[in-house]
Number of protein chains: 2
Amino acid sequence: MSTLTQSRQKTPLVVRTIKELRETLARRRSETSGLKTGFVPTMGFLHDGHGSLIRRSAAENGLTVLSIFVNPLQFGPTEDLDRYPRDEERDLKLAQREGADIVFLPSVQEMYPRRALTRVLVSEVTESLCGASRPGHFDGVGTVVSKLFHIVEPTRAYFGLKDAQQVAVVQQMVDDLNFNVEIVACPTLREQDGLALSSRNVYLSPQQRVEALVLSRTLQQASHWSKEAGITAGQLEERVRLALSRSPLASIDYAELRRYPSLEAIEPQQQLDEALQHSPLLLALAVRFGNTRLIDNAILSMKGA
Amino acid sequence: MSTLTQSRQKTPLVVRTIKELRETLARRRSETSGLKTGFVPTMGFLHDGHGSLIRRSAAENGLTVLSIFVNPLQFGPTEDLDRYPRDEERDLKLAQREGADIVFLPSVQEMYPRRALTRVLVSEVTESLCGASRPGHFDGVGTVVSKLFHIVEPTRAYFGLKDAQQVAVVQQMVDDLNFNVEIVACPTLREQDGLALSSRNVYLSPQQRVEALVLSRTLQQASHWSKEAGITAGQLEERVRLALSRSPLASIDYAELRRYPSLEAIEPQQQLDEALQHSPLLLALAVRFGNTRLIDNAILSMKGA
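Bear in mind the structure is a predicted one, so any value in this text is a computation, not a measurement.

Draft legend 1. Examining the interface of chain B and chain A more closely. With 27 residues of chain B in contact, the opposing surface of chain A contributes 27 residues. Summing both sides of the interface, chain B and chain A together bury roughly 2,700 Å²; the carbon and sulfur share of this comes to 43%. Here A:Asp175 and B:Arg114 are joined by a salt bridge, their closest N and O atoms 3.3 Å apart. When strand β5 (residues 118-122) of chain A meets strand β5 (residues 118-122) of chain B, the two strands line up antiparallel, connected through five bridges. Within the sheet, the bridge partner assigned to A:Leu121 lies in β5(B) and is B:Arg119.

Below you can see the structure in the form of structure tokens.
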């Protein structure tokens, strides 16, 4: 049995206060000089997408910290904060299996002990896509990620590309504010049939679950369409919306092509092969099935997505 | 000659890029485990007020970093950014004399290499006093202090209480965002005749310089008045404004009594001895002499200021 496998089986240390986490980290760092810390911030109800982030962090760093915190600041007043799924016991098993060393599980009171007056706000890159559909969402993300970075002081932080806009926002914030951390963007994990892993998938009825495949299927088709000679951004978006609208239970929140990672808009009449010469493009989808809002995306680059 | 005096005479290392500063700090920290870093952020044109912060940092920490950066983000469009006084050579002499180990002197291009989209915003505590007179000023302060904290990663950071509201804003930001740094607030230094030291004092004409004493003189009187039995917040403010208005060249920007450090307003009819039972009070003054705006303040506490 390799050392790696052994260390993956060790029960992670569960820490619930900032003070204890800081003390633990200081001790570990003083024991091992030059210790690299990988950090995986999550809202819990972990699936293998999170698992892949933890695995990668454990492979690349001497110490891996997983945080589980359902951050009220990033939910709108009409959103699913109260019903957001939680399963601490199952999360801790997954954390252990994937190689997390420390699991930070703070309460809301621990993270926001008094009325917080400070916000970390990123403009432009937050204003389209999920930022437009969920006002204030990325203000909450930027603020809590700043707090967590200050508490954990990681060498690297791991984020999933399913939330491609979140990756772009966090990277912009890190660059603008000189956070001393490397952001590692990791590929979206999918079920065998293509559905992107998401904690919110548990909300889907069997019928919705079947129809939800329209997201990944459409992204795959779009990847082929994007290679057609002369196709424009507007034409691609139109075909994507048409494909999504064929699913009777699906209600489109957005389906947009934008520059990545700047999230700048693209002129509808611009040809894709021209547009791709300047930056990759993000084809981002958000679709509601009943009360459940799913997102998925593909990043198109010069060589094809 | 003591070790302290010797180390104070060593020429500080002058660093102009973030990369070089980070590498230098990493090297020093790997050489001395548990090295404490004291940080003194300034806009340069140093005087003995800054000197006292550097001295205190040098006494309390193994390594002292002084930054000199006139931050465009905290100046309004009609403010004195372009004419803000600079004297790098003199600053470096003072830094050496007072015991700074590293002087970080970045260009505007180094600190803001591209259009920055991220802001650190503190509400409420920024909305009165200088925050009201200088819209956007504290957004610029919060943002640049966040950047500098991420670059220097100090154990302690030293700020002068002449800018009492700045101290309150930075402390609020540090608490809200869990910055791992201790804020050390240091007393205002004064000329023999009472004028608070400020880089902007060089702007004063001889006549203005004489009249500028009205700030410190009024604060001293106010400290006596505040001990009168039954005196109310409104009465004290009124006497202060009257005293300031007797100086023909002085134009009052504000003269206000507020709770410290929350900067909450106080009812004018509230008696000072009652108000002081809940928190210290800040008597803050901002007065213009021609184009030059001077600030000064006194913190009144239960035992008298």
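Structure's up, so let's keep going.
Draft legend 2. Spatial organisation of the packing of helix α10 (residues 213-225) of chain A against helix α11 (residues 233-245) of chain A. Residues and elements named next belong to chain A. Where α10 meets α11, the axes come as close as 10 Å, and the angle between the chain directions of the two elements is 150°. Relative to α11, the element α10 is oriented roughly antiparallel. Where α10 crosses over α11, the handedness of that crossing is right-handed. Here Val 214, Leu 215, Thr 218, Gln 221, Ala 222 and Trp 225 of α10 lie close against α11, whose contacting residues are Leu 236, Arg 239, Val 240, Ala 243 and Leu 244. Here the residues of the contact of α10 with α11 sort into eight nonpolar, two polar and one charged.

Draft legend 3. Structural detail: the nonpolar core. A:Phe149 and B:Phe149 are the most contacted members of the largest nonpolar core, which totals 96 residues. Among all residues touching A:Phe149, those that are not within four sequence positions of it are A:Phe39, A:Pro154, A:Ala157, A:Phe159, A:Val170, A:Val174, A:Phe179, A:Val181 and A:Ile183.

Draft legend 4. View of the state of the cysteines. All names here are of chain A. Tallied over the entire structure, the rule returns zero disulfides over all chains. Here Cys 186 is not disulfide-linked; the sulfur of Cys 130 is the nearest cysteine sulfur, at 19 Å. In this structure Cys 186 comes out as buried when scored by relative accessible area, which is 3%.

Draft legend 5. Just the relation of the copies chain B and chain A, in detail. Expressed as a screw transformation, the operator carrying chain B onto chain A has a rotation angle of 180° and an axial translation of 0.0 Å, and the superposed copies differ by an RMSD of 0.0 Å. With respect to symmetry, the two chain copies, as superposed, fit the operation of a two-fold axis. Residue B:Val120 of chain B places its C-alpha closer to the rotation axis than any other residue of that unit, at 2.3 Å. Taken together, the interface assignments show that 100% of the residues at the interface of chain B recur at the interface of chain A, consistent with an identical surface on both copies.

Draft legend 6. Up close: unusual backbone geometry. Residues and elements named next belong to chain A. Cis peptide bonds are those with omega within 30 degrees of zero, and the linkage from Tyr 260 to Pro 261 qualifies with 5°. Mapped onto the secondary structure, Pro 261 falls in the loop between β8 (250-259) and α12 (272-275). Positioned with a positive phi, Glu 124 is a non-glycine residue whose angle comes to about 60°. Along the chain, Glu 124 falls in the loop between β5 and α6 (129-133).

Draft legend 7. Representation of the layout of surface pockets. Size it by volume and the largest pocket reaches roughly 1,800 Å³. In terms of lining residues, the largest pocket is bounded by 43 residues, among which A:Arg29, A:Leu35, A:Glu153, B:Arg29 and B:Glu153 are the most central. If you list the elements that add at least two residues to the lining of the largest pocket, you get α2 (18-31) and α7 (137-152) of chain A together with α2 (18-31) and α7 (137-152) of chain B. When residues of the lining of the largest pocket are assigned to their parent elements, the largest contribution, six residues, is made by α2(B). Of the residues in the lining of the largest pocket, the class split is 16 nonpolar, 16 polar and eleven charged.

Draft legend 8. Spotlight on the environment of B:Gln221. Assignment of secondary structure puts B:Gln221 in helix α10 (residues 213-225). Here B:Gln221 falls in the partly exposed class, since its relative accessible area comes to 35%.

Draft legend 9. Structural context of the pattern of salt bridges. According to the stated counting rule, one finds 42 salt bridges over all chains in the structure shown. The partner of B:Glu124 in a salt bridge is A:Arg115, with the nearest N and O atoms 2.5 Å apart. In this pair, B:Glu124 sits in the loop between β5 and α6 (129-133) while A:Arg115 sits in the loop between α5 (108-111) and β5, so the two residues belong to two different chains. The shortest N-O distance in the salt bridge between B:Glu79 and B:Arg134 comes to 2.7 Å. Pair noted here: B:Glu79 is in the loop between β3 (63-68) and α4 (88-98) and B:Arg134 is in the loop between α6 and α7, with a separation of 55 residues, a long-range link. Look at B:Glu79 and you get partly exposed, because its relative accessible area is 25%.

Criteria and cut-off values
Residues numbered from 1 in each chain as written. Chains lettered and ligands numbered in written order. Predicted model: local features only at pLDDT ≥ 70, side-chain atom pairs only at ≥ 80, totals over all residues. Heavy atoms only, no water. Contact = heavy atoms within 4.5 Å. Buried area = accessible area lost by both parts, 1.4 Å probe. Salt bridge = Lys/Arg side-chain N within 4 Å of Asp/Glu carboxyl O. Pairing = 2+ DSSP bridges. Helix = DSSP H or I, 4+ residues; strand = E, 2+ residues; numbered from the N terminus. Axes fitted to C-alpha atoms, helices over the stretch in contact; angles between N-to-C directions. Parallel < 35°, antiparallel > 145°, perpendicular 65-115°, else oblique. Left-handed = near helix turned anticlockwise from the far one by under 90°. Nonpolar A, V, L, I, M, F, W, Y, C, P; charged D, E, K, R; others polar. Core = buried A, V, L, I, M, F, W, Y, C linked by side-chain atoms within 4.5 Å. Buried < 20%, exposed > 50% of the residue type's maximum accessible area, 1.4 Å probe, protein only. Disulfide = S-S within 2.5 Å. Least-squares fit on C-alpha atoms with pLDDT ≥ 70 in both. 1 Å grid on protein atoms, 1.4 Å probe; cavity = no way out; pocket = protein on both sides within 12 Å on 5 of 7 lines; lining within 4 Å. Points joined across faces, edges and corners; volume = space filled by probe spheres on them.

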